[in-house]
Amino acid sequence: MKRILSVLLVLALMLGTAALAAEADAQESGWHNILLLGGDSRSTVGFDRTDSMIILSVNRDEGAMKLTSIMRDTWVKIPDVNFSQKINAANVYGGPELAVKTVNQYFGTDIEDYVLVNMTGLIKIIDLLGGVDVEVTESERKYTNSYAQSYLKQTGGYDGATSLNSTGLVHLNGLLAMSYARDRYTDSDYGRVMRQQKVLLALAEKAQDSDIDELLESVDEISENMQTNMTNEELKEVAMVCMTVDTEDVGQLRVPADGTFDSGTFDGIWMIRPNFEKNAQLLHEFIYGE
């Protein structure tokens, strides 16, 4: 019994040391991690599955930014509720706080802050910033229009263009940008997470073309269309980084990374089963360096 207690004590000390080390990495490196959640909901209330889960890493000292997308089909045992589900379900059972806790537990992160936006909120935010410019292929154009029509059937009208008629570098309003980011039929879910990152980077470029005073004033109105535990002042600090970062230098990652997971239908459910230890290591090195 003494030997068992000794082992448990050592494990507890090791886990505590690891947690302190992760916190120290964040403080010393200047990186601030925020979990961005895109809810699969058309209404303005309630929690739904988060088909978009992106870790936004911002370094205000260096004026740098990194994006890490988490695949929605990643299979986990959700903390607190203690049953297994896809990671995008954590928001359903405990809101953004439980989503943050789940990501931290499985990917070894130290995230405290979150921003949750549903479809309606995302459309309004993009329209407030004047839309985005994105390269679109013919297949992406077709499915963007399909998603837009599906959304309108459930929500009603929209004051703006409701279909995309050209390809190449095109201007997307809120409805079309949201629909473009939801497209997974052009290729797969793996392609969809990269489209979501493209929209975020396009928003950063839009911010850089905006008047700084007007942008900071719009933060108050933008925050009304999201749920977050960050203050408006903290959001403005992040906006300032977006205005200065070179979008071509923004690091991009997807977890689970290639070669670190099995995917397929298990017990009748399509899922991704990763090596979490390996992915936590890769994510840590991506954000903080080796």
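Not measured: the values here are computed from a predicted model.

Quick one: what's the story with the packing of helix α4 (residues 138-155) against helix α5 (residues 174-182), residue by residue and with numbers?
Between α4 and α5, whose axes approach to 8 Å, the crossing angle comes to 115°. On the basis of the axis angle, α4 is roughly perpendicular to α5. Handedness of the crossing formed by α4 with α5: right-handed. Between α4 and α5, the contacting residues are E140, T144, N145, Y147, A148, Y151 and L152 on the first element and L175, L176, M178, S179, Y180 and R182 on the second. Of the residues that constitute the contact of α4 with α5, the class distribution is eight nonpolar, three polar and two charged.

Quick rundown of the nonpolar core? Include the residues and the values.
In this structure, L56, M65, V115, V132 and L172 are the most contacted members of the largest nonpolar core, which totals 47 residues. Residues in contact with M65, not counting those within four places in the same chain, are W31, L56, S57, V58, L201, A204, C242, V245, V250 and G251. Counting 28 residues, the second-largest nonpolar core is a separate cluster that includes W31, A64, I87 and A90.

A description of a nonpolar patch on the surface should follow, citing residues and the corresponding values.
Where nonpolar side chains cluster on the molecular surface, the patch consists of F83, V92 and Y93 and spans about 250 Å² of accessible area. For V92, the position within the fold is in helix α2 (residues 90-107).

How would you explain the side chain of Q196 if you had to name every residue and give the values?
Structurally, Q196 can be placed in helix α6 (residues 189-208). A relative accessible area of 9% means that Q196 is categorised as buried. Here S52 takes part through its side chain, which lies 3.3 Å from a polar atom of the side chain of Q196. Residues contacting Q196, with those up to four places away along its chain left out, are D51, S52, I54 and A181.

How would you summarise the environment of L129 if you had to cite specific residues and measurements?
Position of L129 among the secondary structure elements: in the loop between α3 (119-128) and β7 (132-136). The contact partners of L129, leaving out residues within four places of it in the chain, are L203, K206, L215, S218 and I222.

Any chance you could break down the pairing of strand β2 (residues 50-59) for me, citing the residues and the numbers?
Working note: regular strand, side chains alternate between the two faces of the sheet. Counting buried residues in β2 gives ten out of ten residues, a clear majority hidden from the surface. By the bridge criterion, nine bridges tie strand β1 (residues 31-39) to β2 in an arrangement that is antiparallel. Paired with H32 across the strands is V58, a residue of β2. Sheet topology places β2 next to strand β3 (residues 64-70); six bridges connect them, and they run antiparallel. Residue pairing in the sheet places N59 in a bridge with A64 of β3.

Run through the packing of aromatic side chains, naming residues and quoting values.
Counted by the stated rule, this structure contains six aromatic pairs. The interplanar angle of 75° and the centroid separation of 5.7 Å between the aromatic rings of F107 and F276 together place this pair among those described as edge-to-face. Of this pair, F107 sits in helix α2 while F276 sits in helix α9 (residues 276-288), placing them 169 residues apart in sequence. Relative accessible area serves as the criterion here: at 18%, F276 is assigned to the buried category. Measuring from centroid to centroid gives 6.3 Å for Y190 and F261, while their planes differ by 25°, and the two rings are stacked. Of this pair, Y190 sits in helix α6 while F261 sits in strand β11 (residues 261-266), placing them 71 residues apart in sequence.

So, unusual backbone geometry: which residues are in play, and what are the values?
Cis rather than trans, the peptide bond between V255 and P256 has omega equal to 0°. Positionally, P256 belongs in the loop between β10 (251-255) and β11. Unlike most non-glycine residues, D80 shows phi in positive territory, near 75°. Mapped onto the fold, D80 is located in the loop between β4 (75-78) and β5 (83-86). Unusually for a residue other than glycine, D267 sits at a positive phi of about 55°. When its relative accessible area of 80% is taken as the criterion, D267 is described as exposed.

Now, about the sheet that holds β2: what can you tell me, with residues and values included?
An order of β9-β6-β1-β2-β3-β10 is seen for the six strands of this open sheet, with the pairing classed as mixed. A strand with exactly one partner marks an edge of an open sheet, and here the two such strands are β9 (227-228) and β10. Of the pairings in the sheet, the one linking strand β6 (residues 113-118) to β9 comprises two bridges and is antiparallel in character. Paired with V115 across the two strands is T228, which belongs to β9. In the packing of α3 onto the sheet, the strands contacted are β1 and β6, and the crossing angle to β6 comes to about 95°. Packing against the sheet, α6 makes contact with β1, β2, β3 and β10, and its axis sits at approximately 155° to β3.

What counts as what
- Residues numbered from 1 in each chain as written.
- Predicted model: local features only at pLDDT ≥ 70, side-chain atom pairs only at ≥ 80, totals over all residues.
- Heavy atoms only, no water.
- Axes fitted to C-alpha atoms, helices over the stretch in contact; angles between N-to-C directions.
- Helix = DSSP H or I, 4+ residues; strand = E, 2+ residues; numbered from the N terminus.
- Parallel < 35°, antiparallel > 145°, perpendicular 65-115°, else oblique.
- Left-handed = near helix turned anticlockwise from the far one by under 90°.
- Contact = heavy atoms within 4.5 Å.
- Nonpolar A, V, L, I, M, F, W, Y, C, P; charged D, E, K, R; others polar.
- Core = buried A, V, L, I, M, F, W, Y, C linked by side-chain atoms within 4.5 Å.
- Buried < 20%, exposed > 50% of the residue type's maximum accessible area, 1.4 Å probe, protein only.
- Patch = residues over 30% accessible without salt bridge, like charges linked within 9 Å, V, L, I, M, F, W, Y side chains within 5 Å.
- Areas by Shrake-Rupley, 256 points an atom, 1.4 Å probe, with all protein chains shown as cover.
- Salt bridge = Lys/Arg side-chain N within 4 Å of Asp/Glu carboxyl O.
- Polar contact = N/O pair within 3.5 Å; in protein donor to acceptor, adjacent residues only side chain to side chain.
- Pairing = 2+ DSSP bridges.
- Phe/Tyr/Trp six-rings, centres within 6.5 Å; stacked < 30°, edge-to-face > 60°.

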